[in-house]
Amino acid sequence: MGEVYKARHIHLQELRVIKILRQDRAADPTAMQRFTQEARTATQIKHPNVAILYDFSQLPDGRFYMVWEHIQGEDVGHWLKSRGPLPLPLAVELGIQSLRGLEAVHAAGVIHRDLSPDNLMITRDARGRYQAKIIDLGLAKSLANKADIEITQAGMFMGKLRYCSPEQAGALAPGESLDHRSDLYSFAAVLYEMVSGLPPFDSENQHGFVLKRLNEPPLHLEGRNPAVRVPRDLDAIVLKGLERERDRRYPDAVVFIQALAKFAERMRGAETQDMKVQAGASTNPAGIPQVAGTATKPVMGSAPPTVPGARAAAQAIERPAARELSREERIDLMAQIDRVAKKSEAPPSASIPTRKLEAVGPTPMQRAGAAVVGGRLDEARRLIGEMRAGGESPRGLDDLVRRLEQAERTAELAPKVQEAEQMLERYLHDHKQSLAALALDALLELAPEHPRRAELEARVARINEDVARRQRADEALAAGREALVRGDFRAARQKLEAIQANDAEGELWPDFESELKESETAQTKGRNSEQHKRAFENLMSVSRYQEAEKELETLSQLEVTKVTVDFYKTQLDQAKARAAEAATSEGFERRYRQEIDRRNWFAAREVAQEFQRTNPHSPRPAEMFAEISHSEEAIRKLESIEHGVKQVDAFIEQKRPTDAELALKILLRMDPENVNKRRLERQIATLWKA
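The model shown is predicted, which means the values in this text are computed figures rather than measured ones.

Colleague: Please give an account of the pattern of salt bridges that cites residues and values.
Modeller: Within this structure, the stated rule accounts for 47 salt bridges. Notably, a salt bridge pairs Glu69 with Lys133, separated by 3.2 Å at the nearest N-O pair. Of this pair, Glu69 sits in strand β4 (residues 64–69) while Lys133 sits in strand β8 (residues 130–134); the two residues are 64 residues apart in sequence, bridging distant segments of the chain. For the pair shown, Glu69 and Lys133 are each scored as buried. Here Glu193 makes a salt bridge to Arg162, at a shortest N to O gap of 3.3 Å. In this pair, Glu193 sits in helix α4 (residues 180–196) while Arg162 sits in the loop between β9 (141–142) and α4, placing the two residues 31 residues apart along the sequence. Judged by relative accessible area, Glu193 falls into the buried class, the value being 5%. Assessed through its relative accessible area of 27%, Arg162 is described here as partly exposed. Several salt bridges share partner residues, and in doing so they unite Glu176, Asp179, Arg181, Arg246 and Asp247 into one network.

Colleague: So what about the packing of aromatic side chains? Which residues, and what values?
Modeller: Under the counting rule described, the total for this entry stands at eight aromatic pairs. Geometrically, the ring pair formed by Phe56 and Phe64 is stacked, given 5.4 Å between the ring centres and 5 degrees between the ring planes. You can call Phe56 partly exposed: its relative accessible area is 27%. Pairing Phe588 with Phe611 gives two aromatic rings, centres 4.9 Å apart and planes at 10 degrees, and the pair type is stacked. Of this pair, Phe588 sits in helix α21 (residues 562–597) while Phe611 sits in helix α22 (residues 601–614); the two residues are 23 residues apart in sequence, bridging distant segments of the chain. Each member of the aromatic cluster is reached from another via a ring pair, and the members are Phe35, Phe56 and Phe64. One residue, Arg16, lies across the ring of Tyr54, its end atom 3.9 Å from the ring centre.

Colleague: Would you mind going over helix α17 (residues 489–502) in detail, with residue names and values included?
Modeller: Its 14 residues place the ends of α17 20 Å apart at the C-alpha level, agreeing with the 20 Å of an ideal helix rising 1.5 Å per residue. Of the residues making up α17, those classed as buried are Phe489, Ala491, Ala492, Leu496, Ile499 and Asn502. In an axial view of α17, the angular spread of the buried residues amounts to 150 degrees, which keeps them on one side of the axis. Pointing more than 90 degrees away from the buried face of α17 are the exposed residues Arg490, Glu497 and Ala501.

Calculation notes
- Residues numbered from 1 in each chain as written.
- Predicted model: local features only at pLDDT ≥ 70, side-chain atom pairs only at ≥ 80, totals over all residues.
- Heavy atoms only, no water.
- Salt bridge = Lys/Arg side-chain N within 4 Å of Asp/Glu carboxyl O.
- Helix = DSSP H or I, 4+ residues; strand = E, 2+ residues; numbered from the N terminus.
- Buried < 20%, exposed > 50% of the residue type's maximum accessible area, 1.4 Å probe, protein only.
- Phe/Tyr/Trp six-rings, centres within 6.5 Å; stacked < 30°, edge-to-face > 60°.
- Lys NZ or Arg CZ within 6 Å of the ring centre and 35° of its normal.
- Expected span 1.5 Å × (residues − 1).
- Arc of directions from axis to C-beta.

Put into structure tokens, the structure is as follows:
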């Protein structure tokens, strides 16, 4: 929409960014309204983490411009492409700052609607510390005014598909509208990429991102990028911001800030917890006694998994708690570690014969296998855990674990598959072709072996065929009506057959058939109408519009179809409008040229403004404004040059060589190749010699 310049303020000596509405858009009311709305929105927000708008005004040629703060740095998108994920402490700090800026935006009763890595700048403050700034309020929307007009065409998406919230992508119930929680979702998606360098969903296209966020949860940050270690509590914080249901997200930016701030505090230090146990206390599952002391546990990341036997015991002595034991406690602990190690290394007992085991009943392995087959996954998981905790590793255990994991994945995907099925059924019912195809792709990605795959693919294919038939019927209808206007009834009859072949429900062809019959009847009853048609067309070709209007009145009283009369009337109205516009434009052009010749720039601008008010869709007024500015500048420059020559001559005549030389330098800055240059230089040199 605009031209953007980096400029330096001549008095403050500070850099600024000037955004000017592009000249070819200056006469577009929609572009003007959106440009003005961005400025009005920005002026309500004053916060160090939001770009500052300093001024908004109008140029002499009628174009509006904004003066913004210049931000020396790079946007998050550029950082991610060039350097990969941000260091974790920096990502969290910039995330908190961004949320502070977003809270200021929301406090002004505005939602941004276009948060993305490209609209989040990273700069440094006066002390060299990193600072985040939100930019580009071009799509911001006020929530205060319920009658706020959406400056876009119907159905146009506002924002970026990769970062939009589910409700911004269309998942809103009738009567609901976007609110500030949509921005929180978009920001959480940006923060996810800042931390991991990857999006929260895997997809090869933008629509895939939308479908996945409508049908499945985001991927966990923990483990998303093997090269980046993400603590589990940060994973939970970000995923809460990416909740599909907005009621389950953070209620506002402040609560989101508090969650990140608490995490940042934990990241900078370690939590301590006192665990006091009396001498001789019970042991934990690994066989290690609980002893008195203070255990310091790292905040970043989850606790290490429990290791059975001697390995767990050996790990226990490496913990900070063990380093605080007394000498006697250390000796006692080492003795217990040695006992546990010997016990874990002892061979399994073979005192029970095989026949006795068979008499006892199903083995844990058999019971676990039956639980997997029966869908009792918790029971199977418990039995496998008991076998492993007891040091058992029966034959086939690894295969059973794989079967359990497969069953767990199937159970986990079941609700996602069901939701994808429901969405597909809804789109099929509503005959939404493109969305149904996307929903089917999403479903088959979750369940490639879906039992109804062939049926669903056939139904989507039928919708595609229905849409194609409707399109063929619409095209035949348009061609048929054009044939009626031409009076080619044979071609119109052929198009009617094409419409009937593709319009099984009879929505289009009955009306067109009636129009065709009326046209054919009119032809048989009043063939003299053809003479009047030709007369009308001849008069139109020579711009005799009043006579053509009389012929049109005669045609409307004859047996001529309404389609034909309306078509001719539209032609006549358009021709008259063009003629009136041309006459008006000619008058304005004549007045404009007169004022330009007189060098009356003010009057010329008034003519251009009057022209713009009279014909707001014409591009000519904008061209006039530009011509006036160019001519005025050229004339003033010429006048300045002439004045400069006279000034130098005056100083030479007054025998003031210093002033003459300075005046000549100023003159040559304006016109380096001035025709008087050599003459004046010689005269000044003569003065110096004298």
